[in-house]
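The chain contents come next:
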Amino acid sequence: GVGLASPDTLIRYDASDGTPGTTLVAEDDLGFDDRETATRLEVSLRPRKRHRVRLGLLALPGDRSATETIAGPLRFGDEQFLAGDTVSSKLRLRAWSISYGYSFVRRPRFELGATLGATSLGLLAEAGVPARGIREREERSVPAPQAGLDASFRITPRWYAEARYQYFK
């Protein structure tokens, strides 16, 4: 699936010695687009009538990059960027997930179920000033538990509509 997203990306990357980094809004401070494309790839398996297993990849919202002349000084990781620097930045968010769902209500045209699973969130953040030869990069991946609800409604024997809510933190 592909959809449009309106991201509001708040970033802070602290220095290795614990000095707090500058809190940035990527769309305002670094020039990232506030309209992006988000993609999702998913495989759903139904081993039994009330059971579902889903494997998915969600690109939130894809690979983003920008070049912006910053108004004031900022700290990103161990690097200090100065007012007037032209900063090139990159941000990539990915979420891999696996979940198991059980339909506790199952009718010929309607299903309602609950899901449990795990998500792995991956982040790549990079910022640099090519003119001064400085660059800072951080890449991390963290696991997160996930819970959710899903409902599906059969429109015809070949078409259905589905709504899902998944929560992870």
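Residues numbered from 1 in each chain as written. Predicted model: local features only at pLDDT ≥ 70, side-chain atom pairs only at ≥ 80, totals over all residues. Heavy atoms only, no water.

Caption draft 1: Structural context of the environment of Leu123. Relative to the elements of secondary structure, Leu123 occurs in strand β9 (residues 110-129). Measuring from C-alpha to C-alpha, the distance between Leu123 and Glu138 comes to 7.9 Å, with 15 residues separating the pair along the chain. (Helix = DSSP H or I, 4+ residues; strand = E, 2+ residues; numbered from the N terminus.)

Caption draft 2: View of the pairing of β9. Across 18 bridges, strand β8 (residues 86-106) lies against β9 in antiparallel orientation. Directly across from Trp96, in β9, lies its bridge partner Ser120. Turn length for the β8-β9 hairpin, with the two strands adjacent in sequence and antiparallel, is three residues. Here β9 pairs with strand β10 (residues 134-154) via 20 bridges, running antiparallel. Directly across from Gly128, in β10, lies its bridge partner Arg135. Taken together, β9 and the strand that follows it, β10, pair antiparallel across an intervening segment of four residues, in which Gly133 is found at a positive phi of about 70°. (Pairing = 2+ DSSP bridges.)

Caption draft 3: Focus on the pattern of salt bridges. This structure, assessed with the given rule, holds 18 salt bridges. Across the pair Glu42 and Arg40 runs a salt bridge whose closest N-O atoms are separated by 2.8 Å. Of the charged contacts, one joins Arg46 and Glu111 as a salt bridge, the two residues approaching to 3.0 Å between their closest N and O atoms. Of this pair, Arg46 sits in strand β4 (residues 36-48) while Glu111 sits in strand β9, and the two are 65 residues apart along the sequence. Residue Glu111 is classed as buried on the basis of its relative accessible area, which comes to 8%. When salt bridges that share partners are traced, they join Arg40, Glu42, Arg46, Arg52, Arg54, Arg106, Glu111, Asp150, Glu162 and Arg164 into one network. (Salt bridge = Lys/Arg side-chain N within 4 Å of Asp/Glu carboxyl O. Buried < 20%, exposed > 50% of the residue type's maximum accessible area, 1.4 Å probe, protein only.)

Caption draft 4: Focus on the pairing of strand β11 (residues 160-168). By the bridge criterion, nine bridges tie β10 to β11 in an arrangement that is antiparallel. Paired with Gly148 across the bridge in β11 is Gln166. Taken together, β10 and the strand that follows it, β11, pair antiparallel across an intervening segment of five residues.

Caption draft 5: Quick look at a nonpolar patch on the surface. A cluster of nonpolar residues, Tyr100, Tyr102, Phe104, Leu149, Tyr165 and Tyr167, forms a patch on the protein surface that exposes about 650 Å² of accessible area. Among the secondary structure elements, those contributing two or more residues to the nonpolar patch are β8 and β11. Per-element accounting of the nonpolar patch gives the leading share, three residues, to β8. Examined against the element boundaries, Phe104 turns out to sit in strand β8. (Patch = residues over 30% accessible without salt bridge, like charges linked within 9 Å, V, L, I, M, F, W, Y side chains within 5 Å. Areas by Shrake-Rupley, 256 points an atom, 1.4 Å probe, with all protein chains shown as cover.)

Caption draft 6: Expanded view of the nonpolar core. Counting 17 residues, the largest nonpolar core has Phe32, Leu74, Phe76, Phe81 and Val87 as its most contacted members. Elements with a contribution of two residues or more to this core: β6 (74-76), β8 and β9. The biggest single contributor to this core is β9, with three residues. With residues up to four places along the chain from it excluded, the contact list for Phe32 reads Ala26, Glu27, Arg64, Ser65, Ala66, Ser89, Lys90 and Leu91. (Core = buried A, V, L, I, M, F, W, Y, C linked by side-chain atoms within 4.5 Å. Contact = heavy atoms within 4.5 Å.)

Caption draft 7: Molecular detail of a negative patch on the surface. Taken together, the side chains of Asp8, Asp28, Asp29, Asp33 and Asp34 define an acidic patch exposed on the protein surface. By the secondary structure assignment, Asp33 is in the loop between α1 (26-29) and β4. Among the residues examined, Asp33 registers a relative accessible area of 48% and is labelled partly exposed. (Lys, Arg positive; Asp, Glu negative; His and termini not counted. Charge placed at Lys NZ, Arg CZ, Asp CG, Glu CD.)

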